[in-house]
Amino acid sequence: MRGDLDKPGEFEERVRRVLRGLRKGEVATYGEVAEEAGFPGAARAVGNVLARGKGLPWWRVVSAAGRLVPGHESEHARRLRREGFTIVNGRLRQS
DNA sequence: TATCTGACGATAG
DNA sequence: CCTATCGCCAGAT
């Protein structure tokens, strides 16, 4: 069957796939990534994957409030600006 | 089965 | 804008 969403590692696999789908100049919130991955409500778990994963476009993910990654705001902002975004006070500019 | 850990999210003060 | 809470989740112990 297709829907073995409870298989161990399936969550991370899907999250990674969603992340790989984010193109330059495109960002998503942790919650959106979780939802697109088929695990609505697992925003927190998405953060865990991003924190440990390697080679992932982590800078294209921000909090629902537009906040950047704690402890890496400088580099995060730099990378986002490089893709055309505007950051104000460590926050992705609202709409 | 019970707890604990986090790059979360919404809400209240 | 800030902190405190509470709810929710996948994984690891």
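Residues numbered from 1 in each chain as written. Chains lettered and ligands numbered in written order. Predicted model: local features only at pLDDT ≥ 70, side-chain atom pairs only at ≥ 80, totals over all residues. Heavy atoms only, no water.

Another aspect to go through is the pattern of salt bridges. By the definition in use, this model includes 5 salt bridges. Residue Arg14 pairs with Glu10 through a salt bridge whose shortest N-O separation is 3.1 Å. Of this pair, Arg14 and Glu10 both sit in helix α1 (residues 10-21), separated by 4 residues, roughly a single helical turn. In this structure, the salt-bridge partner of Glu12 is Arg16, at a minimum N-O distance of 3.3 Å. Of this pair, Glu12 and Arg16 are both found in helix α1, 4 residues apart, which corresponds to roughly one turn of the helix. Look at Arg16 and you get partly exposed, because its relative accessible area is 25%. One network of salt bridges, with partners in common, ties together Lys7, Glu10 and Arg14. (Salt bridge = Lys/Arg side-chain N within 4 Å of Asp/Glu carboxyl O. Helix = DSSP H or I, 4+ residues; strand = E, 2+ residues; numbered from the N terminus. Buried < 20%, exposed > 50% of the residue type's maximum accessible area, 1.4 Å probe, protein only.)

For the rest of this paragraph, the subject is the protein's contact with DNA strand B. Neighbouring DNA strand B are 15 residues, the closest being Tyr30, Arg44, Asn48, Trp58 and Ala64. The share of sugar and phosphate among atoms of DNA strand B within 4 Å of the protein is 36%. With respect to DNA strand B, the side chain of Arg44 contributes an N or O atom lying 2.8 Å from a base nitrogen. Elements with a contribution of two residues or more to the surface near DNA strand B: α2 (30-36) and α3 (43-52). Per element, the largest residue contribution to the surface near DNA strand B is 7 residues, and it comes from α3. Residue classes in the surface near DNA strand B are distributed as 9 nonpolar, 5 polar and 1 charged. (Near = heavy atom within 4 Å. Polar contact = N/O pair within 3.5 Å; in protein donor to acceptor, adjacent residues only side chain to side chain. Nonpolar A, V, L, I, M, F, W, Y, C, P; charged D, E, K, R; others polar.)

One recurring pattern in soluble globular proteins is that nonpolar side chains are buried together. Counting residues in each nonpolar core, the largest one holds 16 residues, and the members touching the most others are Phe11, Val15, Leu19, Val33, Val46 and Val61. Take this core: its biggest share by element is 4 residues, from α1. In contact with Val15, other than residues within four places in its own chain, are Val33, Ala37, Val46 and Val49. The next biggest cluster of nonpolar side chains, apart from the first, holds 8 residues, and it includes Trp59, Ala77, Leu80 and Ile87. (Core = buried A, V, L, I, M, F, W, Y, C linked by side-chain atoms within 4.5 Å. Contact = heavy atoms within 4.5 Å.)

Shape descriptors only; they carry no functional weight alone.
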